[in-house]
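Coordinate inspection notes
Chain by chain, the residues run as shown.
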Amino acid sequence: MAGPRGARRFARSLCGLLLLLLSNGLLDLASAAPARASPEAPSSVGQFWHITDLHLDPSYHITQNHTQVCASSKGVNASNPGLFGDVMCDSPYRLIVSALQYMKDYGQQTSFMIWTGDSPPHVPVRELSTKIVIDIIGNLTSTIRSFFPHLQVFPALGNHDYWPQDQLPVSANEIYNAVGDIWKPWLTDEAVTTLKKGGFYTQLFQPSTTSQPLRIISLNTILYYGPNLVTENMTDPANQFEWLEHVLEAAHQNKEMVYVIAHVPVGYLPYLRNQTAIREHYNERLIDIFRRHSSVIAGQFYGHTHRDSIMVLLDENGKPINSLFVAPAVTPVKDLWEVDTNNPGVRIYQYDPLSYSVLDLWQFYLNLTEANLKKESNWKLEYVMTKTYGIEDLKPESLYDMTEQLNEPHSKSFKKYYNYYYVSYDEAFFCEEHCRTSQLCAIQYLDHRSYTNCIKHKKKLHQGVNITLLPQTL
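Residues numbered from 1 in each chain as written. Predicted model: local features only at pLDDT ≥ 70, side-chain atom pairs only at ≥ 80, totals over all residues. Heavy atoms only, no water.

1. Things to note about the sheet that holds strand S3 (residues 152-155)
- With respect to topology, six strands assemble into an open sheet ordered S3-S2-S1-S10-S11-S12, the strand pairing being mixed. Edge strands, defined here as strands with exactly one partner in the open sheet, are S3 and strand S12 (380-384). On average, each strand axis in the sheet is tilted by 25° relative to the strand beside it, whichever way the strands run.
- Bridge count for strand S2 (residues 112-115) against S3 is four bridges, and the pairing is parallel. Paired with Ile114 across the strands is Phe154, a residue of S3.
- Sheet strands in contact with helix H4 (residues 130-147) are strand S1 (46-51), S2 and S3, and its direction is about 160° off that of S2. (Pairing = 2+ DSSP bridges. Helix = DSSP H or I, 4+ residues; strand = E, 2+ residues; numbered from the N terminus. Axes fitted to C-alpha atoms, helices over the stretch in contact; angles between N-to-C directions. Contact = heavy atoms within 4.5 Å.)

2. Remarks on the environment of Thr110
- When you line up the elements, Thr110 lands in the loop between helix H3 (93-105) and S2.
- For Thr110, a relative accessible area of 12% gives the class buried.
- For Thr110 and Ile348, which are 238 residues apart along the polypeptide, the C-alpha to C-alpha distance reads 8.6 Å.
- Setting aside residues no more than four positions away along its own chain, Thr110 makes contact with Gln47, Phe48, Trp49, Leu151 and Ile348. (Buried < 20%, exposed > 50% of the residue type's maximum accessible area, 1.4 Å probe, protein only.)

3. With respect to the nonpolar core
- Ranked by size, the top nonpolar core spans 140 residues in total, and within it Tyr259, Phe290 and Met385 carry the most contacts.
- When neighbours within four sequence positions are excluded, Phe290 is seen to be in contact with Leu219, Leu244, Val260, Val266, Ile297, Gln300, Tyr302, Leu313 and Asn322.
- If you look at the next biggest cluster of nonpolar residues, it comprises five residues, including Val69, Cys70, Ala78 and Cys89. (Core = buried A, V, L, I, M, F, W, Y, C linked by side-chain atoms within 4.5 Å.)

4. Some details on the pairing of strand S6 (residues 257-261)
- Here S6 lies mainly inside the structure; five of its five residues are buried.
- Neither face of S6 is open: one carries Met257, Tyr259 and Ile261, the other Val258 and Val260, and all of them are buried.
- In the sheet, strand S5 (residues 214-218) pairs with S6 via five bridges, with the strands oriented parallel. Note that in S6 the partner of Arg215 across the bridge is Val258.
- Note on the crossover from S5 through helix H7 (residues 240-253) to S6: the handedness is right-handed.
- By the bridge criterion, four bridges tie S6 to strand S7 (residues 297-302) in an arrangement that is parallel. When the sheet's bridge partners are listed, Tyr259 is paired in S7 with Gly299. (Right-handed = clockwise from strand over helix to strand, strands pointing away.)

5. Remarks on empty space enclosed by the protein
- Evaluation of the coordinates by the stated rule reveals three cavities of 30 Å³ or more.
- Taken as a whole, the largest cavity spans an internal volume of roughly 90 Å³.
- Lining the largest cavity are 15 residues, and of these Tyr268, Pro270, Ser309, Met311 and Val326 sit closest to its centre.
- Listed by contribution, the elements that provide at least two residues to the lining of the largest cavity are strand S8 (309-314) and helix H13 (433-444).
- Across the lining of the largest cavity, the residue classes break down as twelve nonpolar, three polar and no charged. (1 Å grid on protein atoms, 1.4 Å probe; cavity = no way out; pocket = protein on both sides within 12 Å on 5 of 7 lines; lining within 4 Å. Points joined across faces, edges and corners; volume = space filled by probe spheres on them. Nonpolar A, V, L, I, M, F, W, Y, C, P; charged D, E, K, R; others polar.)

6. Here we look at the packing of H7 against helix H8 (residues 280-292)
- Between H7 and H8, the shortest axis-to-axis distance is 11 Å and the interhelical angle comes to 10°. Looking at the two axes, H7 sits roughly parallel to H8. Residues Phe241, Leu244, Glu245 and Leu248 of H7 touch H8, and the partners they reach there are Tyr282, Arg285, Leu286, Ile289, Phe290 and Arg292.
- Per-class residue counts for the contact of H7 with H8 are seven nonpolar, no polar and three charged. (Parallel < 35°, antiparallel > 145°, perpendicular 65-115°, else oblique.)

7. Quick notes on the state of the cysteines
- Per the stated rule, a full pass over the model turns up three disulfides.
- What pairs with Cys70 in a disulfide is Cys89, and their sulfur atoms sit 2.0 Å apart. Judged by the sign of its S-S torsion, about -80°, the cystine formed by Cys70 and Cys89 is left-handed. Note that Cys70 is positioned in the loop between S1 and H3 and Cys89 in the loop between S1 and H3, a separation of 19 residues in sequence. (Disulfide = S-S within 2.5 Å.)

In structure tokens form, the structure reads like this:
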């Protein structure tokens, strides 16, 4: 057992802070926000929320000693701590509540919410325990339900939703069991049973406006995550690949459309050259599965990177067949060595209720510096994707057209994309050629062969060599 005294201190912070904030009427304080623009959704369009990477740090408090503001700074000076947080710290409860209050006050009819993981903070292992992780997930689940008591929520587990972090196992355990019970109000008995066994599940969503059901598949991609030593030498951890294939085949037979949700995304990291988000051989297998079943997959939704990005899955001939979205975090935290970070963000998607194709994305954010200065959580619209890039919808073909804009030399669209990647944290951030190549190749090329070919192609273009990237080289 690691660091029992540190864990006890953290547990006391968790209990005390949440009770204090609730008893002081924080929910009412967070609601004082200016009027906001709303998405004009026709009655024939469905909508759903996406939140991710809340990373609650219950130890966050304002103090003169900036090394003691939050446990998640790991002793480093907080830069400019205020009511709604600091970039060296994970989320204060007040920040999370302000996001949920904004979403509640938004006044839009939404069908459901997806919540793609990571509730506990980035703190040393000794500061947490199995009980604290369960308590944090439970507290945030209760908080979400208090704001949206009647809204269907589909959650996914993140790499921090376990203790020790990243080491999610392939069989039943205390955390899977507890989370299954915590999420029972949202999930069917069958989904809970599967969740308790392997940390993943599937469930049908049946909207009242149409007879066409939607199948949600919540994957446990932490089983494929590099730091997870438990699964290092396994071919099919928890038999999730086999299960996924079976669910997708059944969806095809039953004429169901599917949304895939998970924490760690597939594909290559846009900020780190030649690095997949999950282990490369697992990534290759998932990409193969998604390609073969792309006709029933209407969208894929992830978190984990804390940044705002898209991917377009291409088939072996270079045809766009799937749209993938990585949502930015609510937490603004960064490491000491990082120059850049993100403002807190949440988003709403619009979809076709018959085909479940994703039609648009409304991204909202909180300017953290401004909120702390004014002591008010002024969440606002950051951008609407179709309007920003002049595309018709967010179907694979449209996202592919968008990436063509981003690939143009001196692209103004790419400058916008890179600013939104950090949730408008600092417009001065510049993406030089190496950075730009990493970003662009990660958007369109999700498997090893096509990605490495893209990197080589752009390197030669930068060196002035005239070559053509052919579909058959994918």
